[in-house]
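# Architecture at a glance
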Amino acid sequence: MIDRDRFPVDPWRLVETEFDLEDVGVTETLFAVGNGYLGMRGNHPEGRHAQEHGTFVNGFHETFPIRHAEQAYGFAEVGQTIINAPDAKVMRVYVDDEPLSLDLADVREYERVLDMRDGVLRRHILWVTPSGKDVRIDFERMVSFEEKHLAIMTLEVTVLNADAPVTISCQLLNRQDGEDVYGGMPASPKRAGFDPRKTEKLNERVLEPQEFWQDGDRSALSYRVAESGMTIAVVADHIIDTENEYDSRYLSEQDIAKNVFRVQAKAGVPVRVTKIVSYHTSRGVPAREIVDRGRRALDRARGIGVPALFAAQRAWLDGFWERSDVRIGGHDDLQQATRWCLFQLAQASARADGQGVPAKGMTGSGYSGHYFWDTEIYVLPFLAYTTPLWARNALRMRYLMLPAARKRAFQLNEHGALFPWRTINGEEASAYYAAGTAQYHINADVSFAMAKYVRATDDVEFLHREGVDIAVETARLWATLGFWRSVDGAGEETFHIHGVTGPDEYTTVVNDNLFTNVMARFNLRFAARTVREMAELDGEDYRKMVDRLGLDPAEPEGWERAAEAMHIPFSSALGIHPQDHVFLEREIWDLENTPADKHPLLLHFHPLVIYRYQVLKQADVVLALFLQGNHFSDEDKLADFEYYDPLTTGDSTLSAVVQSILAAEVGYQELALEYFRQSIFVDLADLHHNAADGVHVASAGGVWTALVSGFGGMRDHFGELSFDPRLPADWPELAFVLHWHGTRLQITVTREELRVAASDGDPVGFSVRGTGYVVGAGEEVVVRLEGQGRVIPGRPTLRQLTDVKREDGSYLSASVPSVTTSIPIVVGLADLEHGADAL
């Protein structure tokens, strides 16, 4: 999957040994650096030959009216999209007035390295100029974790074998509105067809110039965003260090600032330029104020010193890896990829500081910089168990969105609050309600993530002060969205939720989606339990909450009643849980005989075609089996997994990690490893052909969960820590860290035993395959393992459904929609015994 000559295996570094323009967009993503607030794509400092010259600040966005072909009440009205912050990455080199241009240059040595131990991107080049001069160029770029507004770049140029004039041109550019390194307005690159995953294109000017100036080697640009009203300032210092003679030139315009150093370089005498950049944004503070903040940040950085800032970055990451590292014995390729994924999670969330975690982090403009439910389900578990403060910050983002969520619920004629499916500023930004607003499950996802955080950390203070507001308001929505239904003569009522979309976006606006119902049940119970526990304490927090939310004492009882009566679909004929009320009535999409060039389906088939079939974009029922596994039997999990796995396309990068976890649990252990490899290399090998749009952050979070919960077998149902490992056959060891109620646990799994070592803190109780243990501070508990669970060879296929009937007596059948005619190709499931030849 990966060219290992070009990208060699290194457990701690991502290394590139050869420049290639063909996949420049992908490598811009792979070599991006960021901190959760500020992100810079891995563009080369020459400032040319890029798919996207990206510099992004979390939450820095523009708004625009959503134009629906046919408007209806309650449709989302205002779109939001992340915008390109002024680009400070450009540091161009000229020797003898010849520019270094990687597409043409005679480059004898090339190495680009993203070092995940010290958080620095480095590049080394040996360039032979047309006049025969050997020029060594070493470049570094760092976005600081400690000083979240700061980025530091250094460029060192040495002409090795001759004297030569060297020019280094450092620039600040407003690329959002078309400025480029030559001061021109280049044509926008053409887009390659329709893809809803890409960001919106804004045609009008976005960044309105405010204050811009130069003061010696310090330059500043600042802007106000035309519609959203946000402001941004970028201020940069330039420090030159050389024994050569030089002079400086300056240019300051509204969309470009240049600091140019002209050096009479002597052979072997280096020229080093350091560029310290500060980015500040605001939702409304005048530009002049944030320019001043940028000045102060640079003054502080100059006082600390650049070497100290690099040392602080290393120390910060030492702490991160001590809390977060996952070690895979004997597989350096998987180790490298694992650490790259974990490093991306740090770059996406560490300094978000109350903002959300965008689906692409700050590595690209894909998905318009929006926050989705991905954060709560795929990223929060890693944060809660490794660096709980980051998880709390991410949850506070949802708390701060409650006013907009209450407004949205009211628009949809419901009580409580409804969180947006995709957003930056808290308002719903999805123009397609069927696969957007209808995903009400996001309410339960947020509450579930909060419960997981509280269980892992015991942070009851956060729950009682702010988290309870989320629990109550989301429960209120379920209570009014659902309805009661009774069967004549049965004397039993059931609670139903209709008109919703689950995680699987290939099936929309359905009744009783299993995932939604199961997660809503959890949400209702969690809210009721939280309120009752607060009432028993009879403290000030409870009284404030009752007043703040206008809580009726009868509400918790109503939530519990709805949860207990929640309808959970089940087909006795097939022995599985239907994804929704009518899912099993649909024709099965025969994925085994669907041409490979017709994936992903969403780019090749009209939604109405897809909606008619049993076919999944991503795990839906299977995700419910994992998140709420304590409510399903082992037999249920196996039956459901075997039914849905052959129907799942994997068109979403969110799917393989969940399929890996359940495959490991139910016994398909080789398949679990196959899905895991798909997940861990989704960006590094560009498996979905869209890594150029940015890192799949949720998939990176899912990689951690697949390791810890899939192969490590960790569960935390009911707030109780348990383990049932499924170590792959050729892995000698898997080791990871968990933090439980403030105690650091080092977990090590081998084929023969599981070891749990505790640091300072309170004793921690846990179970291994049903047997309870307690580990005290400074102690280690060793548990012998008898095997690694059931092993089922191969993978589930549609052949397993041969001669299976629905409740109405009809047989299941599979087909592939024809792309040349309107007549589907129908294949009886019995014919699948003969493979594709049956067609």
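An account of the accompanying structure is given in this report. None of these values were measured; they are calculated from a predicted model.

Reading guide: rules and limits
Residues numbered from 1 in each chain as written. Predicted model: local features only at pLDDT ≥ 70, side-chain atom pairs only at ≥ 80, totals over all residues. Heavy atoms only, no water. Helix = DSSP H or I, 4+ residues; strand = E, 2+ residues; numbered from the N terminus. Rg over C-alpha atoms; globule rule 2.2 N^0.38 Å. Buried < 20%, exposed > 50% of the residue type's maximum accessible area, 1.4 Å probe, protein only. Contact = heavy atoms within 4.5 Å. Lys, Arg positive; Asp, Glu negative; His and termini not counted. Charge placed at Lys NZ, Arg CZ, Asp CG, Glu CD. Phe/Tyr/Trp six-rings, centres within 6.5 Å; stacked < 30°, edge-to-face > 60°. Lys NZ or Arg CZ within 6 Å of the ring centre and 35° of its normal. Polar contact = N/O pair within 3.5 Å; in protein donor to acceptor, adjacent residues only side chain to side chain. 1 Å grid on protein atoms, 1.4 Å probe; cavity = no way out; pocket = protein on both sides within 12 Å on 5 of 7 lines; lining within 4 Å. Points joined across faces, edges and corners; volume = space filled by probe spheres on them. Nonpolar A, V, L, I, M, F, W, Y, C, P; charged D, E, K, R; others polar. Axes fitted to C-alpha atoms, helices over the stretch in contact; angles between N-to-C directions. Parallel < 35°, antiparallel > 145°, perpendicular 65-115°, else oblique. Left-handed = near helix turned anticlockwise from the far one by under 90°. Pairing = 2+ DSSP bridges. Expected span 1.5 Å × (residues − 1). Bend = angle between axes of the 7 residues up to and from the residue. Salt bridge = Lys/Arg side-chain N within 4 Å of Asp/Glu carboxyl O. Core = buried A, V, L, I, M, F, W, Y, C linked by side-chain atoms within 4.5 Å.

In terms of regular secondary structure, the chain is built from 18 helices and 34 strands. Here the C-alpha atoms of the chain give a radius of gyration of 28 Å, agreeing with the 28 Å that 2.2 N^0.38 yields for 839 residues. Summarising its shape, the C-alpha atoms of the chain cover approximately 95 × 70 × 65 Å along the three principal directions. Counting across all 839 residues of the chain, residues that qualify as buried make up 62%. Partitioning the contacts of the chain with sequence separation of at least 6, the portion at a separation of at least 24 is 68%. Separation between the mean location of the 83 positive side-chain charges and that of the 125 negative ones in the chain comes to 4 Å.

This next bit is on the packing of aromatic side chains. Under the definition given, this model contains 30 aromatic pairs. With centroids separated by 6.0 Å and ring planes inclined at 15 degrees, the aromatic side chains of Phe320 and Trp390 adopt a geometry described as stacked. A residue pair is termed long-range when its members are at least 10 positions apart, and Phe320 in helix 3 (residues 306-324) and Trp390 in helix 6 (residues 388-400) qualify at 70 residues. Centre to centre, the rings of Trp484 and Phe495 are 5.2 Å apart; their planes meet at 65 degrees, and the pair counts as edge-to-face. Residue Trp484 is located in strand 21 (residues 483-486), and its partner Phe495 is located in strand 22 (residues 493-496); the two are separated by eleven residues in the primary sequence. We note Lys148 situated over the ring of Tyr37; from NZ or CZ to the ring centre the distance is 4.9 Å. Across from the ring centre of Phe419, 5.7 Å away, lies the NZ or CZ of Arg398, which sits over that ring.

For Thr743, the position within the fold is in strand 28 (residues 743-749). Here Asp762 takes part through its backbone oxygen, which lies 3.0 Å from a polar atom of the side chain of Thr743. Those residues in contact with Thr743, other than ones at most four positions away along the chain, are Leu738, Ala758, Ser759, Asp760, Gly761, Asp762 and Val764.

Overall, the coordinates contain five cavities of 30 Å³ or more when judged by the stated rule. Size it by volume and the largest cavity reaches roughly 70 Å³. Ile2, Arg4, Phe7, Pro8, Leu14, Leu30, Asp333, Gln336, Ala337, Phe681 and Leu684 together form the lining of the largest cavity. It is helix 4 (residues 332-349) that provides the largest number of residues to the lining of the largest cavity, a total of three residues. Tallied by class, the residues present in the lining of the largest cavity amount to eight nonpolar, one polar and two charged.

Attention now moves to the packing of helix 15 (residues 634-644) against helix 16 (residues 655-666). Taken N-terminus to C-terminus, the directions of helix 15 and helix 16 make an angle of 130 degrees; their axes are 10 Å apart at the nearest point. Here helix 15 is positioned oblique relative to helix 16, judged by the angle of their axes. The crossing of helix 15 and helix 16 is left-handed. Contacts between helix 15 and helix 16 involve Lys637, Leu638 and Phe641 from the former and Gln659, Leu662, Ala663, Glu665 and Val666 from the latter. Tallied by class, residues from the contact of helix 15 with helix 16 come to five nonpolar, one polar and two charged.

Once that is clear, we can look at the pairing of strand 31 (residues 771-775). Bridge count for strand 30 (residues 764-768) against strand 31 is five bridges, and the pairing is antiparallel. Residue Gly765 lies in a different strand from strand 31, and its bridge partner there is Val774. The turn joining strand 30 and strand 31, which pair antiparallel and follow one another in sequence, is formed by two residues; a positive phi near 50 degrees is taken by Arg769.

Turning our attention to the packing of helix 9 (residues 460-481) against helix 11 (residues 540-549). Each packed pair of helices is defined by two parameters, the angle between the axes and the distance between the axes. Following both chains from N to C, one finds helix 9 and helix 11 inclined at 40 degrees, their axes separated by 10 Å at the closest point. As far as their axial angle goes, helix 11 and helix 9 are oblique. Crossing angle aside, the handedness with which helix 9 passes helix 11 is right-handed. Residues His464, Arg465, Val468, Asp469, Val472, Glu473 and Arg476 of helix 9 form the contact with helix 11, whose participating residues are Asp541, Met545, Arg548 and Leu549.

Attention now goes to helix 5 (residues 374-386). Between its terminal C-alpha atoms helix 5 stretches 18 Å, which fits the 18 Å expected from 13 residues at 1.5 Å a residue. At Leu380, helix 5 is bent by approximately 50 degrees, the largest bend along its length, and proline Pro381 sits one to four residues beyond. Taken across its 13 residues, helix 5 has 13 buried, putting it largely inside the fold.

All right, on to the pattern of salt bridges then. A complete count under the given rule lists 62 salt bridges for this structure. The shortest N-O distance in the salt bridge between Glu674 and Arg795 comes to 3.1 Å. One end of the pair, Glu674, is in helix 17 (residues 669-680); the other, Arg795, is in the loop between strand 32 (780-784) and strand 33 (813-816), and 121 residues separate them in sequence. The class for Glu674 is partly exposed, based on a relative accessible area of 36%. Among the residues examined, Arg795 registers a relative accessible area of 38% and is labelled partly exposed.

Moving on, we come to the nonpolar core. One finds Tyr279, Tyr643, Phe676, Phe723, Trp731 and Leu738 to be the most contacted residues of the largest nonpolar core, which totals 232 residues. Tallying contributions element by element places helix 10 (residues 514-537) first for this core, with twelve residues. Contacts of Leu738, omitting those with residues within four sequence positions, involve Tyr385, Trp704, Val708, Met714, Leu721, Phe723, Thr743, Arg744, Leu745 and Ile747. Listed in part, the 17 residues of the second largest apolar core include Val120, Trp213, Val291 and Val306.

What follows is about the sheet that holds strand 3 (residues 38-40). For sheets, the rule is that strands pair by backbone hydrogen bonds, running either parallel or antiparallel. Judged by pairing direction, the sheet is antiparallel, and its three strands sit side by side in the order 2-3-4 without closing on themselves. With one partner strand each, in any of the chains shown, strand 2 (33-34) and strand 4 (55-57) form the two edges of the open sheet.

With that out of the way, let us pick up unusual backbone geometry. For the bond from His599 to Pro600, the omega torsion is -10 degrees, close enough to zero to count as cis. Among the structural elements, Pro600 can be located in the loop between strand 23 (587-589) and helix 13 (607-611). Phi angles above zero are rare outside glycine, and His689 is one such case at about 60 degrees. Counting through the fold element by element, His689 comes out in the loop between helix 17 and helix 18 (697-711).

Attention now moves to the pairing of strand 14 (residues 207-215). Direction of pairing for strand 14 relative to strand 15 (residues 218-225): antiparallel, over a ladder of seven bridges. From the neighbouring strand, Gln214 faces strand 15, where its bridge partner is Ser219. In sequence, strand 14 turns back onto strand 15 through a hairpin of two residues, with Gly216 there showing a positive phi of about 65 degrees.

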